[in-house]
Amino acid sequence: QKEVEQNSGPLSVPEGAIASLNCTYSDRVSQSFFWYRQYSGKSPELIMSIYSNGDKEDGRFTAQLNKASQYVSLLIRDSQPSDSATYLCAVTGYSSASKIIFGSGTRLSIRP
Amino acid sequence: NAGVTQTPKFQVLKTGQSMTLQCAQDMNHNSMYWYRQDPGMGLRLIYYSASEGTTDKGEVPNGYNVSRLNKREFSLRLESAAPSQTSVYFCASSAGGNSNQPQHFGDGTRLSIL
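All of the points below concern the structure found in this document. (Residues numbered from 1 in each chain as written. Chains lettered and ligands numbered in written order. Predicted model: local features only at pLDDT ≥ 70, side-chain atom pairs only at ≥ 80, totals over all residues. Heavy atoms only, no water.)

### Focus on the packing of aromatic side chains
All names here are of chain A. Tallied over the entire structure, the rule returns 11 aromatic pairs over all chains. Centre to centre, the rings of Tyr25 and Phe33 are 4.9 Å apart; their planes meet at 50°, and the pair counts as tilted. Tyr25 sits in the buried class, given a relative accessible area of 5%. Owing to a relative accessible area of 1%, Phe33 belongs among the buried residues under this scheme. Taken together, a centroid distance of 6.1 Å and an interplanar angle of 85° make the contact between Phe34 and Tyr51 edge-to-face. (Phe/Tyr/Trp six-rings, centres within 6.5 Å; stacked < 30°, edge-to-face > 60°. Buried < 20%, exposed > 50% of the residue type's maximum accessible area, 1.4 Å probe, protein only.)

Structure representation (structure tokens):
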């Protein structure tokens, strides 16, 4: 079982709709959770951090964390074509405080 | 506001050649990392340095060596390049410690081994 799992997609969402990206993780003691956006040919860019259960909103983005279910999600409201990218979920690892484990990413496509 | 700077951006090598990828950060971060990213494989950790003076192997260290030259700089060396090492290499840094802080990435080095 992978430590951080994401559906690889592609996830196709119409412009203006809500895109919902999901991530599950295997280590119950994980503490910090991040979402990165990666455009094709570019480096990963941090878009959200979440550390406690519940929702965290930043503009059109909402991160949701449920530690009991070992589940973290990212909602993108009013999706725009510029949101088309691969979204990487990242979770702090258990064996070393300094390592972060990345999922393989979900490719999101916003169709006009 | 440079952040994490990687050099070179592109490189083509012949099998058996050696080279060093350079990475420098200006955010006073303690921890630095080297990843490779291949299509469909996601980011794979090669080596990391939790703090100045320490380095540790990641998921795919074979064929690579690293040097944490000082707090700012972390280099990755390929001693004898192989076609399987064709990839995009990313350097990242973070505050480290309890690791509540995320990693910040450089722009990457696109490396081709012929």
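### Thoughts on the side chain of A:Ser49
By the element assignment, A:Ser49 lies in strand β5 (residues 45–50). Setting aside residues no more than four positions away along its own chain, A:Ser49 makes contact with A:Phe33, A:Phe34, A:Lys56 and B:Pro102. (Helix = DSSP H or I, 4+ residues; strand = E, 2+ residues; numbered from the N terminus. Contact = heavy atoms within 4.5 Å.)

### Quick notes on the sheet that holds strand β1 (residues 4–7) of chain B
All names here are of chain B. Pairing within the open sheet is antiparallel, and its four strands lie in the order β1-β3-β8-β7. Each having just a single partner strand, β1 and β7 (64–68) make up the two edges of the open sheet. The mean inter-strand angle of the sheet, taken between neighbouring strand axes irrespective of direction, is 15°. Examined bridge by bridge, β7 and strand β8 (residues 74–78) share five bridges and lie antiparallel to one another. Bridging from a neighbouring strand, Tyr64 pairs with Leu78 of β8. (Pairing = 2+ DSSP bridges. Axes fitted to C-alpha atoms, helices over the stretch in contact; angles between N-to-C directions.)

### Things to note about the environment of A:Val91
All names here are of chain A. Among the structural elements, Val91 can be located in strand β9 (residues 85–92). Val91 sits in the buried class, given a relative accessible area of 2%. Distance in space between the C-alpha atoms of Val91 and Phe34 is 6.4 Å, their sequence separation being 57 residues.

### Here's the deal with the state of the cysteines
Disulfides are covalent bonds that connect the sulfur atoms of two cysteines. Residues and elements named next belong to chain A. Taken as a whole and judged by the stated rule, the model has two disulfides over all chains. Bridging Cys23 to Cys89, the disulfide has an S-S length of 2.1 Å. Between Cys23 and Cys89, the S-S torsion sits near -75°, and that sign places the bridge as left-handed. One end of the pair, Cys23, is in strand β3 (residues 19–25); the other, Cys89, is in strand β9, and 66 residues separate them in sequence. There is no split in this pair, since Cys23 and Cys89 are both buried. (Disulfide = S-S within 2.5 Å.)

### A word on the sheet that holds strand β7 (residues 61–66) of chain A
All names here are of chain A. Ordered in space as β1-β3-β8-β7-β6, the five strands form an open sheet in which the pairing is antiparallel. In the strand order of this sheet, the two ends are held by β1 (4–5) and β6 (54–58), each with one partner. As judged from the six bridges shared by β3 and strand β8 (residues 71–76), these two strands associate in the antiparallel manner. Looking at the pairing, Thr24 lines up with Tyr71 of β8.

### Topic: the nonpolar core
A general tendency of soluble globular proteins is for nonpolar side chains to be buried together. Grouped together as the largest cluster of nonpolar side chains are 23 residues, with contacts concentrated most on A:Trp35, A:Val72, A:Leu74, A:Ile76 and A:Tyr87. Of all the secondary structure elements, the ones that give two or more residues to this core are β3, β4 (33–38), β5, β7, β8, β9 and β11 (106–111) of chain A. Non-local contacts of A:Ile76, meaning those with residues more than four positions away in its chain, are made with A:Ala17, A:Ile18, A:Ala19, A:Leu21, A:Arg60, A:Phe61, A:Asp83, A:Tyr87 and A:Leu108. Ranked by size, the runner-up nonpolar core spans 20 residues in total, among them B:Leu21, B:Met32, B:Val60 and B:Leu78. (Core = buried A, V, L, I, M, F, W, Y, C linked by side-chain atoms within 4.5 Å.)

### Observations concerning the interface of chain B and chain A
Between chain B and chain A, the contact holds 22 residues from the first and 20 residues from the second. Taken together, the two surfaces of chain B and chain A that pack against each other cover about 1,600 Å², and 53% of this comes from carbon and sulfur. Counting across the chain B and chain A interface gives zero salt bridges. One can count four residue pairs in polar contact (both at pLDDT 80 or more) joining chain B with chain A. Put simply, the parts of the chain that give the side of chain B that touches chain A at least two residues each are β4 (31–38) and β5 (42–49) of chain B. For the side of chain B that touches chain A, the class distribution of residues is 10 nonpolar, 10 polar and two charged. (Buried area = accessible area lost by both parts, 1.4 Å probe. Salt bridge = Lys/Arg side-chain N within 4 Å of Asp/Glu carboxyl O. Polar contact = N/O pair within 3.5 Å; in protein donor to acceptor, adjacent residues only side chain to side chain. Nonpolar A, V, L, I, M, F, W, Y, C, P; charged D, E, K, R; others polar.)

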